[in-house]
Structures are given as structure tokens and as C-alpha cells.
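# Overview (structure and organization)
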Amino acid sequence: IDPAHALAWREGRLDYINKPLEAVIADFNRYSRRQIVIRDAAVGEIAISGAIRTTGIEVWVRALPSLFPIEVGNDSDGNIVLSSRRDAAG
């Protein structure tokens, strides 16, 4: 394990290499003031690689639909909800 990668959280950065989105969201929920909920198991299995600033989690999550077939919404409790994008026919 690269020590710089392992200690990135001390610098306000979370680094991931091929981690399932479910694991990434579990980490995010420790830092985010709003909880993120995955409603669809297929969404949780999407592999994520990259570095995300802990101060920019919500912005990063809101950008996911531009990269993956994911819809981002909110529930009545104020949580951010991730689900599979529905096709136009469904």
C-alpha cells in the first residue's frame, strides 16, 4: 500500500482504485452532512477510481450521471438517492 494513498484522508482527499461505488459511498457518509443512499444493487457495484475532495462530495455525486447510468435525486428525509437510470421506454 502506498502510504500517500492510505493517508490521503488527512489532506481532505479520498483516493480509490477500482472500488465499488457502495464502498465509496460508505466512506462518503462519514464525511457528508447529507447521507447518500444507494437504491439499486447494480449502482453499488459500479467500479470507481479517482481522488475526491471531502469538501466536494455532493458535487462529485451530482456529476455521476454524466459518467454512469445513474439518476441522482433526493428523498423526503433529505438524503441523496442514487438509482439506476431508467431508459426512455421504461
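Figured I'd write up the structure that's included with this text.

Each value, and the rule that gives it
Residues numbered from 1 in each chain as written. Predicted model: local features only at pLDDT ≥ 70, side-chain atom pairs only at ≥ 80, totals over all residues. Heavy atoms only, no water. Salt bridge = Lys/Arg side-chain N within 4 Å of Asp/Glu carboxyl O. Helix = DSSP H or I, 4+ residues; strand = E, 2+ residues; numbered from the N terminus. Buried < 20%, exposed > 50% of the residue type's maximum accessible area, 1.4 Å probe, protein only. Core = buried A, V, L, I, M, F, W, Y, C linked by side-chain atoms within 4.5 Å. Contact = heavy atoms within 4.5 Å.

Before going further, it helps to examine the pattern of salt bridges. In this structure the tally under the stated criterion is 4 salt bridges. Across the salt bridge formed by glutamate 58 and arginine 33, the nearest N and O atoms sit 3.2 Å from each other. Highlighted residues: glutamate 58 in helix H4 (residues 57–63) and arginine 33 in the loop between helix H2 (21–31) and strand S2 (36–38), separated in sequence by 25 residues. You can call arginine 33 exposed: its relative accessible area is 73%. Each of Arg33, Arg34 and Glu58 takes part in one network of salt bridges that share partners.

Counting residues in each nonpolar core, the largest one holds 17 residues, and the members touching the most others are Leu21, Ile25, Phe28, Ile36, Val61, Ile70 and Leu82. Once residues lying within four places of it in the same chain are set aside, the contact partners of valine 61 are Ile25, Phe28, Ile36, Val72, Ile80 and Leu82.

Our next topic: unusual backbone geometry. Of note in the backbone geometry, asparagine 18 takes a positive phi value of approximately 55° without being a glycine. Structurally, asparagine 18 can be placed in strand S1 (residues 13–20). Judged by relative accessible area, asparagine 18 falls into the exposed class, the value being 57%.

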